[in-house]
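Residues per chain are reported as follows:
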Amino acid sequence: MKIPELLAPAGNFEKLRMAVHYGADAVYLGGEGYSLRNLADNFSLDQLARAVDYAHGRGVKVYLATNIFAGNADLGGMRRYLEQVADIPLDACIVADPGVLDMVGEISPQRPIHLSTQANTTNWRSARFWQRQGVSRVNLAREMGLAEIREVRARVDLELEMFVHGAMCISYSGRCLLSGVMTGRDANKGECAHPCRWGYAIVEEQRPGRCFPILEDERGTFIFNSRDLCLLEYLPDLVESGVDSLKIEGRMKGAHYVASVVRVYREALDRYREDPHGYRTRPEWLDELGKISHRGYTSGFLFGRPGGEDHEYRTGYLRSHEFVGLVSEVREDGEVALEVRNRIRAGDELEFIGRGMSSHRLTMPPMVVEGREDDGPVRTAHPNQRIRLRVPFRVEPLDMVRREKVEEDN
Ligand code: SF4
């Protein structure tokens, strides 16, 4: 049985390294200017070349998102950009716009082209159409059910990719004007401000300034607020459907999200590969996905049209844990260097997250800050400092460190 590729978002170099560390088979990332998600810390040309080198050195593929809907004015810049990346050995370009597809084919005829979710492929004839245009992989619209996915698989022989985890749009896979209208940030140029997740209320014209909440929640309502997609529990169905790639949404999301989601899906796919008949979804995998920032989970359209229970009316985001640091070095003498991302205090209960599902807890002792060794051990370490410590278990560079979320008293 063929196990699909696990495809992870890489919003910046650190997230790329974490996606690779925790087991992604491939990553997708954006260059400066021509990918959706312009507000992720996208890769410069130089970083892009280094990223491909880094990933290929570890057997991981890299797909470059060039999936804006281009206006006439974008075409010149897009052409120059595609020419600049022509010599970088990317494994594919992701496109949505037929004009951009045409240009990639002209400039890099050997480069595989993946069709973005933004092209909204919802049936097998569309998939076949795109294949005839030179596309080697289609990302199936999130609005498709399992039976429809199986039918596409049976009727076309190009690669199929589908989202298994991450945010959902309330419009067809991101084709949405809400953000552009409300904030001037165009979702179709990668600048979505996510207004579908804000709270809304009604204002009666004769009473300007008085807002009436639509639901009985003092924070307003979340009428457009879809829960996030999570198909972990249906992994056997997805593998057996014959899709080639399982994609995780979220180039704008943080390192904790990338590491946790990749780690869980990697573990699940590996367990399924080992023993498909004895496979079951483990509760600890679902627990793990509950620890990252999310809006409640839904299976989306996989088994039919979503209903009210697939929206999150009560609150914005749920999150029980926070990322506080990253193991950056493990020295031969056993000392560990930790990059601090969120304030750490002596006495904090931290969790070191390894590959596979390994994790170790540690009550933090006073810490030595690099460059300030003369001060001796301190009780608080701040973001951007590096601390040194010894831990009574095995860790690797790039292991993430987190703690249960606590309200800061400042
Ligand atoms: S506003 Fe919401 S529905 Fe529209 S593109 Fe942004 S995330 Fe998607």
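Structure shown above.
Remember, predicted model here, so these are calculated numbers, not experimental data.

Taken as a whole and judged by the stated rule, the model has 34 salt bridges. Between Arg 273 and Asp 270 there is a salt bridge, with the nearest N and O atoms lying 3.4 Å from each other. On the criterion of helical spacing, the pair formed by Arg 273 and Asp 270 is a turn pair, its members being three residues apart in helix H9 (residues 255-274). Arg 331 is paired through a salt bridge with Glu 370; the nearest N and O atoms lie 3.0 Å apart. Separated by 39 residues along the polypeptide, Arg 331 in the loop between strand S13 (321-330) and strand S14 (335-340) and Glu 370 in the loop between strand S18 (368-369) and strand S19 (380-381) bring together distant segments of the chain. Classification of Arg 331 by relative accessible area gives partly exposed; the value is 25%. On the basis of relative accessible area, Glu 370 is assigned to the partly exposed category, the value being 25%. Residues joined in a network through salt bridges with shared partners are Glu 329, Arg 331, Glu 335, Glu 370, Glu 373, Arg 386 and Arg 388.

Burial within helix H1 (residues 13-21) is extensive, with eight of its nine residues counted as buried. Of all the residues in H1, the buried ones are Phe 13, Glu 14, Lys 15, Leu 16, Met 18, Ala 19, Val 20 and His 21. With a side-chain oxygen lying 3.1 Å from the backbone nitrogen of Glu 14, the N-terminal cap of H1 falls on Asn 12. Residue Gly 23 follows H1 closely and has a positive phi angle near 115°.

Our next topic: helix H2 (residues 45-56). Spanning 12 residues, H2 covers 16 Å between terminal C-alpha atoms, matching the ideal 16 Å at 1.5 Å per step. Three or more residues of H2 are buried, namely Leu 48, Ala 51, Val 52, Tyr 54 and Ala 55. The buried residues of H2 occupy one face: seen down the axis, they fall within an arc of 165°. Across H2 from its buried face, at more than 90 degrees, point the exposed residues Asp 46 and Asp 53. The elements touched by buried residues of H2 are H1, strand S2 (26-30), strand S3 (61-65) and helix H3 (72-84).

About the cut-offs
- Residues numbered from 1 in each chain as written.
- Predicted model: local features only at pLDDT ≥ 70, side-chain atom pairs only at ≥ 80, totals over all residues.
- Heavy atoms only, no water.
- Salt bridge = Lys/Arg side-chain N within 4 Å of Asp/Glu carboxyl O.
- Helix = DSSP H or I, 4+ residues; strand = E, 2+ residues; numbered from the N terminus.
- Buried < 20%, exposed > 50% of the residue type's maximum accessible area, 1.4 Å probe, protein only.
- Polar contact = N/O pair within 3.5 Å; in protein donor to acceptor, adjacent residues only side chain to side chain.
- Expected span 1.5 Å × (residues − 1).
- Arc of directions from axis to C-beta.
- Contact = heavy atoms within 4.5 Å.

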